[in-house]
Amino acid sequence: SLPPVLQPKEEDIQMMLSANVHQGTRNSDSAMQEYIWRRRNDGIHILNIGKTWEKLMLAARVIVAIENPEDVIAISARPYGMRAVLKFAHYTGSQSIAGRFTPGTFTNQITKQFREPRLLVVTDPRTDSQAVRESSYVNVPVIAFCDSDSPLQHVDIAIPANNKGKLSVGLLYWLLAREVLRLRGTVPRSSDWDVPVDLFFHRDPEDLKKADEEQQAKLENEAAAAAAAAATPVFEEGVAGEVGVIDPALAAPVAGGYEDQAAPAGDVAGYAGGADAGWSSGAAPADGAQAQPTGEW
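All values derive from a computational prediction rather than experimental measurement.

Here is what the cut-offs are and how they apply
Residues numbered from 1 in each chain as written. Predicted model: local features only at pLDDT ≥ 70, side-chain atom pairs only at ≥ 80, totals over all residues. Heavy atoms only, no water. Helix = DSSP H or I, 4+ residues; strand = E, 2+ residues; numbered from the N terminus. Contact = heavy atoms within 4.5 Å. pLDDT = per-residue confidence, 0-100. Phe/Tyr/Trp six-rings, centres within 6.5 Å; stacked < 30°, edge-to-face > 60°. Buried < 20%, exposed > 50% of the residue type's maximum accessible area, 1.4 Å probe, protein only.

Trainee: So what exactly am I meant to see when it comes to the side chain of Ser-135 here?
Mentor: Within the fold, Ser-135 resides in helix α4 (residues 129–137). Setting aside residues up to four positions removed in sequence, Ser-135 forms contacts with Phe-106, Leu-120, Val-140 and Val-142.

Trainee: Just to check I follow, could you spell out the confidence of the model for the protein for this structure?
Mentor: If pLDDT is low for a region, its predicted coordinates should not be looked at in detail. Averaged over every residue, the pLDDT of the protein is 79; residues scoring 70 or more account for 76%. In the predicted structure, residues 268–278 sits below a pLDDT of 50 and forms 6 contacts with residues beyond four places in sequence or in another chain.

Trainee: Which parts of the structure should I look at to understand the packing of aromatic side chains?
Mentor: The description of an aromatic ring pair uses the distance of the two centres, along with the angle that the planes make with each other. Taken as a whole and judged by the stated rule, the model has 5 aromatic pairs. Aromatic pair Tyr-91 and Trp-193: ring centres 5.5 Å apart, planes at 80 degrees, arrangement edge-to-face. Taken together, the residues span a long stretch of sequence, with Tyr-91 in helix α3 (residues 79–92) and Trp-193 in the loop between α5 (166–184) and α6 (205–231) at a distance of 102 residues. Classification of Tyr-91 as partly exposed rests on a relative accessible area of 24%. Put simply, the rings of Phe-88, Phe-145 and Tyr-173 touch in pairs and so form one group of aromatic residues.

Trainee: What am I meant to see in unusual backbone geometry here?
Mentor: Leave glycine aside and you will find that most residues have negative phi; peptide bonds, for their part, are mostly trans. Positive phi, close to 60 degrees, is recorded for Asn-139, a residue that is not glycine. Examined against the element boundaries, Asn-139 turns out to sit in the loop between α4 and β6 (142–146). Assessed through its relative accessible area of 70%, Asn-139 is described here as exposed. Positioned with a positive phi, His-154 is a non-glycine residue whose angle comes to about 65 degrees. Relative to the elements of secondary structure, His-154 occurs in the loop between β6 and β7 (157–160). Assessed through its relative accessible area of 47%, His-154 is described here as partly exposed.

Now the structure itself:
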């Protein structure tokens with residue numbers, strides 16, 4: 001049993017169940033029988049999630065015991081584990097091999113990619129069998145995520161878990177990296193790790209392309225809206241009033257009729273001078289009354 005400080009929280013168990021960490025396969029290996037809890041009616045084996053957590057804590061303590069973090073190598077030939085391996089190596093300071101494992105990496109000193117690790121973290125001992133086999137030649141211990149049908153030859157610490165789902169693999173590496181940082185003292189146990197688990201999940205190239213297209217379309221729409229707003233004429237305050245409203249001060253008649261107002265300026269004959277045009281200078285037409293000329297046109 002684990003000490004109280006290493007006991008899982010309810011949130012951790014819920015995350016593991018939602019990611020189907022406990023779900024195995026229809027087949028089972030004889031060496032994995034002690035980690036299998038039961039078998040469902042449809043033939044799927046259910047793994048013991050309590051033992052999964054205990055082995056995760058044990059693996060984290062082994063990784064922390066390595067003095068130089070770069071002596072730890074995380075390997076994943078399975079596509080769902082490549083992103084998780086890279087993120088695990090980034091946050092814990094270890095090395096990673098994502099993709100095809102070149103034979104002779106641990107045994108052939110002539111190769112350029114020759115490495116001498118002190119510990120291996122393997123996503124699947126079946127797909128990464130070449131790395132597990134070479135580690136047995138050079139006496140390197142192996143930590144492996146093992147499903148119900150995974151072989152356990154040359155595996156030192158088997159973590160029973162679903163190593164075929166992208167959510168499960170990403171969550172397992174996230175939990176392992178978080179525990180390693182907690183044991184090192186980098187991340188306090190009183191607060192949550194600020195790195196989201198989504199960074200460890202595999203993302204399909206098609207989904208990435210679709211997300212980029214949606215982001216590009218959104219930027220184009222925003223640019224078009226901004227251009228349309230810039231093209232709309234903007235009236236300065238005080239120059240033009242509200243559209244469709246007449247200023248009452250301009251519409252009100254002047255007290256006293258049209259007296260003391262300047263005659264309209266223009267070049268039309270007969271209206272050049274007010275008195276000379278035939279209108280009497282003192283008698284302005286009243287409101288509503290027809291003007292009568294006093295002189296000749």
